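Listed below are the residues making up each chain.
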Amino acid sequence: MKVVVTGGAGFIGSHLVHRLVSHGCEVHVIDNLSTGDAGRLHNEAILHICDICGDQAAACISLIKPDIIFHLAAQADVQRSIADPSHDAEVNIMGTLRLLEASRKAGVRKIIFASTSGVYGELNKDQILEDDPVSPISFYALSKLAGERYLHLYQQCFGLTYTILRYGNVYGPGQTPKGEGGVIAVFGDRLAQGLSLNVYGDGNQTRDFIYVQDVVSANLAAMYKGDGETIHVSTGQPTSINRLIQIVAEQLNQSIETHYKPAKTGDIVHSCLNSSKAKIALDWKPAYTIEQGLAETVKHWPI
Ligand code: NAD
């Protein structure tokens, strides 16, 4: 099977590319390397260095005529989206729209879209379900939601099918301290420099941390299942920042100096995504607990 991974040189994309190559796919990567790194790519992947917003990416898709596009390229930095909402919209909305238009013309069968738990905003629920109301509180999440809606309409109007995967906070080897969900990477970066950790708020805020290899498995499952569906890729387990630090300390077998700072405005306090739909729609469930995923991750920290 021929596939394109936009953002394939990024953190999640590069792990996905490795697995797709092992799966026997011909893998093309479209990436402008703005946050990505070509050095991470599997040597059998074919890299096209271009911007999803430009004509070159559309021309690539028209030439490659992939069966499936995994669309991960994005402006994925929440704080940057608040500082520069126009740039965010250009990449995440217009870039997605241009990709959809190119896909329709090239006869692509399916788009698998990387979306986010951020679309729900601050929903006061222990476990969020896919049909709960959406109410983004950052331009990043708003632009992702717009991308979702375009996918939905493209399926209705043109028959281009999709699976929307709303990820929890993804973590794992190769993650950089920038971007969405980067708290674990930020901690790793600071600990590698011998620095203390800063926690914004009281540390009791929770996230649904999902290990990157589980996210990759969900993307692979979506190649064959989940057409027209929006599905959480998550553990369904909340983990507080304080607990996270405790697990890291246990795994590194060292005490960690932590400083508590005022909470950042716009930060979501609790976020946990129910993952039972994925079991039915994708026949997928996470294989890694937070302890197992962190054990794999800290191995790669230069500490
Ligand atoms: P990343 O920044 O590591 O990867 C994004 C990739 O897209 C990079 O390689 C970058 O160079 C490329 N890119 C950015 N703008 C581009 C453009 N205009 N044209 C072409 N390429 C471009 O981020 P990531 O953490 O790997 O995230 C991948 C996807 O998953 C993103 O769509 C993100 O919104 C989504 N997501 C991530 C998380 C998370 O916790 N990391 C959570 C939810 C959703």
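Rules and cut-offs
Residues numbered from 1 in each chain as written. Predicted model: local features only at pLDDT ≥ 70, side-chain atom pairs only at ≥ 80, totals over all residues. Heavy atoms only, no water. Near = heavy atom within 4 Å. Polar contact = N/O pair within 3.5 Å; in protein donor to acceptor, adjacent residues only side chain to side chain. Areas by Shrake-Rupley, 256 points an atom, 1.4 Å probe, with all protein chains shown as cover. Helix = DSSP H or I, 4+ residues; strand = E, 2+ residues; numbered from the N terminus. Nonpolar A, V, L, I, M, F, W, Y, C, P; charged D, E, K, R; others polar. Phe/Tyr/Trp six-rings, centres within 6.5 Å; stacked < 30°, edge-to-face > 60°. Buried < 20%, exposed > 50% of the residue type's maximum accessible area, 1.4 Å probe, protein only. Lys NZ or Arg CZ within 6 Å of the ring centre and 35° of its normal. Patch = residues over 30% accessible without salt bridge, like charges linked within 9 Å, V, L, I, M, F, W, Y side chains within 5 Å. Salt bridge = Lys/Arg side-chain N within 4 Å of Asp/Glu carboxyl O. Expected span 1.5 Å × (residues − 1). Contact = heavy atoms within 4.5 Å. Pairing = 2+ DSSP bridges. Axes fitted to C-alpha atoms, helices over the stretch in contact; angles between N-to-C directions.

Under the annotation held in an unreviewed UniProt entry, the protein chain carries the name NAD-dependent epimerase/dehydratase family protein and is attributed to Paenibacillus lemnae.

As for the site of the ligand
Neighbouring the ligand are 30 residues, the closest being Asp31, Thr35, Leu72, Tyr140 and Lys144. Contacts to the ligand include Asp31, whose side-chain N or O atom sits 2.5 Å from an oxygen atom. Contact between the ligand and Asp51: a nitrogen atom at 3.0 Å from a side-chain N or O atom of the residue. Here the ligand loses 96% of its free accessible area of 830 Å² to cover by the protein chains. Contributions of two or more residues to the shell around the ligand are made by α1 (11-22), β5 (110-116), α5 (139-158) and β7 (169-171). Classifying every residue of the shell around the ligand gives 15 nonpolar, 11 polar and four charged.

Description of the environment of Gly188
The topology assignment puts Gly188 in helix α6 (residues 183-192). For Gly188 and Gly54, which are 134 residues apart along the polypeptide, the C-alpha to C-alpha distance reads 35 Å.

Quick look at the packing of aromatic side chains
Given two aromatic rings, their pairing is described by the distance between the two centres and the angle made by the two planes. Inspection of the entire model under this criterion finds four aromatic pairs. Aromatic side chains Tyr171 and Phe209 sit 6.3 Å apart centroid to centroid with 80° between the ring planes, which places their arrangement in the edge-to-face category. In this pair, Tyr171 is assigned in strand β7 and Phe209 in strand β10 (residues 209-211), connecting sequence segments 38 residues apart. Both residues of the pair, Tyr171 and Phe209, belong to the buried class. Here a set of aromatic residues connected by ring pairs shows up, and it is made of Tyr171, Phe209, Tyr211 and Tyr288. The ring of Phe158 is capped by Arg104, whose NZ or CZ atom sits 4.1 Å from the centre of that ring. Over the aromatic face of Tyr200 sits the side chain of Lys264, whose NZ or CZ is 4.6 Å from the ring centroid.

Comments concerning a nonpolar patch on the surface
A surface patch of nonpolar side chains, amounting to about 260 Å² of accessible area, comprises Ile82, Phe139 and Leu142. As for its position among the elements, Leu142 is in helix α5.

Things to note about α5
The periodicity of an α-helix, 3.6 residues per turn, causes residues three or four places apart in sequence to face the same way. Helix length check: α5 (20 residues) gives 28 Å between terminal C-alpha atoms against 28 Å at 1.5 Å per residue, within 8%. Looking at the buried side of α5, the elements it contacts are α3 (78-83), α4 (85-106), β5 and β6 (161-167). Gly159, located one to two residues past α5, shows a positive phi value of around 75°.

Description of the sheet that holds strand β2 (residues 26-31)
If you trace the seven strands from one edge of the open sheet to the other, you get β3-β2-β1-β4-β5-β6-β11, paired in parallel fashion. If you trace the sheet from one side to the other, it starts and ends with β3 (46-49) and β11 (229-233), each paired once. For this sheet the average axis-to-axis angle between neighbouring strands, irrespective of direction, equals 20°. In the packing of α4 onto the sheet, the strands contacted are β1 (2-6), β4 (68-71) and β5, and the crossing angle to β4 comes to about 175°. Packing of α5 onto the sheet brings it into contact with β5 and β6, and relative to β5 it is tilted by some 155°.

As for the pattern of salt bridges
Enumeration over the complete set of coordinates arrives at nine salt bridges. Glu148 is paired through a salt bridge with Arg166; the nearest N and O atoms lie 2.6 Å apart. Residue Glu148 is found in helix α5, and its partner Arg166 is found in strand β6; the two are separated by 18 residues along the sequence. When its relative accessible area of 4% is taken as the criterion, Glu148 is described as buried. The closest approach of N and O atoms between Arg243 and Glu291, which form a salt bridge, is 3.1 Å. Remark: Glu291 occurs in helix α10 (residues 290-298) and Arg243 occurs in helix α8 (residues 241-252); sequence separation between them is 48 residues. Each of Arg109, Lys110 and Asp227 takes part in one network of salt bridges that share partners.

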